[in-house]
Amino acid sequence: MLETSARLLKLLSLLQTHREWSGPELAGRLGVTARTVRRDVERLRELGYQVHATAGAPGYRLGAGGDLPPLLLDDEEAVAVAVGLRTAAQGSVAGIEETSLRALAKLERVLPSRLRRRVNAVQSMTVPMTGRAPAVDPDALAAIAAACRDHETLRFDYCGAGGAVTTRVVEPHRLVATGRRWYLVAFDPGRDDWRLFRVDRVRLRTPNGPRFTPRRPPDTDLAGYASRRIAEAPYRFRGRFTVHAPAEAVAERLSPSAAAVEPLGPASCLMTAGGDSLDEMASWLVSLGVPFEVHEPPELADHLRVLAARLAGAAGGQ
């Protein structure tokens, strides 16, 4: 049986990882009686933790208090949090870099030396690739996420790719993060269709509009839906190709914002992408290093024949 102090820590850890526990479940995990669980819960309450009893069958859940209580993290969780904070400090959300570094400094001060070495190894051996994507306002992200959660209509001014600003009133559904940019998936009643909006181009108007009844999303795979829309929308040419390689292998070579990849079988996939020029599309298609077939655009097939003849001539062929 665990000693009292160790048992309290174990109990707190369990309450932090589960929304609700029944008394018998906790007793079984701790190897004690239900009466001992009740006493331990009272000790946690005396220490300032808000442990709520649930109605009906005796049960417990950890509530949010006025002060942030200590979090119990195992080794893997501590490393994951530290790496996540380091990434946030270099990320695409404006204004949280300094906050992330302060939180990371506090965490590293209390990490055991063995874990500090692991975190420092990741930090020192990683070179961030700084993107040119504009950072987004964290307050805007929070406001949009809350509107998605509460099913409240959003009103905002939106700057399109060409610089034109339009006023939109939409029903927000989800935020999608690509690593470089954030996008809002929303239904636009004025256009009677689903739309994808870059959050860095959104300027929110307040207050929000009325609540709405959520619609069926445009796709069960929202990440794939966003990837297809991002890969196609901004470009002059829309491309569709059969690539003779497993979808997983092709997807690893491309970012979600560059192309959408769907498996056709174990050894082939359908790739949808866009490009501003035929040369650009031909270049990254050839760089995949696997056979492919062009379905769209028809101009690309003719362009590839010209390039093939040019390359054969450069190599000394006739």
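Located above this text is the structure these notes cover.
Predicted, not measured: the structure shown is a model, and the values here were computed from it. (Residues numbered from 1 in each chain as written. Predicted model: local features only at pLDDT ≥ 70, side-chain atom pairs only at ≥ 80, totals over all residues. Heavy atoms only, no water.)

Take the pairing of strand S7 (residues 193-198) next. Here strand S6 (residues 182-188) runs beside S7; their pairing, made up of 6 bridges, is antiparallel. Across the sheet, residue leucine 184 finds its bridge partner in S7, namely phenylalanine 197. Linking S6 to S7, which pair antiparallel, is a turn of 4 residues; within it aspartate 192 sits at a positive phi near 50 degrees. (Pairing = 2+ DSSP bridges. Helix = DSSP H or I, 4+ residues; strand = E, 2+ residues; numbered from the N terminus.)

Time to look at helix H3 (residues 34-46). For H3, with 13 residues, the first-to-last C-alpha span of 19 Å sits near the 18 Å given by 1.5 Å per residue. Every buried residue of H3 is listed here: Thr36, Val37, Asp40, Val41 and Leu44. Viewed end-on, H3 has its buried residues packed into an arc of 140 degrees, placing them on one side of the element. Those residues of H3 that are exposed and angled more than 90 degrees off the buried face are Arg35 and Glu46. Just downstream of H3, glycine 48 is the residue with a positive phi angle, here 105 degrees. (Expected span 1.5 Å × (residues − 1). Buried < 20%, exposed > 50% of the residue type's maximum accessible area, 1.4 Å probe, protein only. Arc of directions from axis to C-beta.)

For the bond running from threonine 206 to proline 207, omega is -5 degrees, close enough to zero to count as cis. Across the junction of glutamate 296 and proline 297, the peptide omega takes the value -5 degrees, indicating a cis bond. With a phi close to 55 degrees, histidine 151 is a non-glycine residue in the positive phi region. Tracing the backbone shows histidine 151 in the loop between helix H7 (138-150) and strand S4 (154-159). For histidine 151, a relative accessible area of 27% puts it in the partly exposed group. The backbone of aspartate 192 shows a phi angle near 50 degrees, a positive value even though the residue is not glycine. You can see aspartate 192 is positioned in the loop between S6 and S7. Relative accessible area serves as the criterion here: at 61%, aspartate 192 is assigned to the exposed category.

The subject of this paragraph is the nonpolar core. Membership of the largest hydrophobic core comes to 20 residues, with the highest contact counts inside it found for Phe241, Val243, Val250, Met271, Trp284 and Leu300. Elements supplying a minimum of two residues to this core: strand S9 (237-243), helix H9 (247-253), strand S11 (268-275), helix H10 (278-287) and helix H11 (298-314). A per-element tally of this core places H10 first, with 5 residues. Apart from residues no more than four positions distant in its own chain, leucine 300 is found in contact with Phe241, Leu278, Met281, Ala282, Leu285 and Val294. Core analysis: the second largest hydrophobic core is formed by 16 residues, Trp21, Val37, Leu44 and Tyr49 among them. (Core = buried A, V, L, I, M, F, W, Y, C linked by side-chain atoms within 4.5 Å. Contact = heavy atoms within 4.5 Å.)

To continue, consider the sheet that holds S4. Taken in spatial order, the 5 strands of this open sheet run S7-S6-S5-S4-S8, and their pairing is antiparallel. Of all the strands in the sheet, the pair left with one neighbour each is S7 and strand S8 (202-205). Each strand of the sheet is rotated relative to its neighbour by a mean of 50 degrees, with strand direction disregarded. In terms of strand pairing, S4 meets S8 through 4 bridges, oriented antiparallel. For tyrosine 158, the partnering residue across the bridge sits in S8 and is valine 202. Relative to the sheet, H7 contacts S4, strand S5 (165-177), S6 and S8, its axis offset from that of S5 by approximately 80 degrees. (Axes fitted to C-alpha atoms, helices over the stretch in contact; angles between N-to-C directions.)

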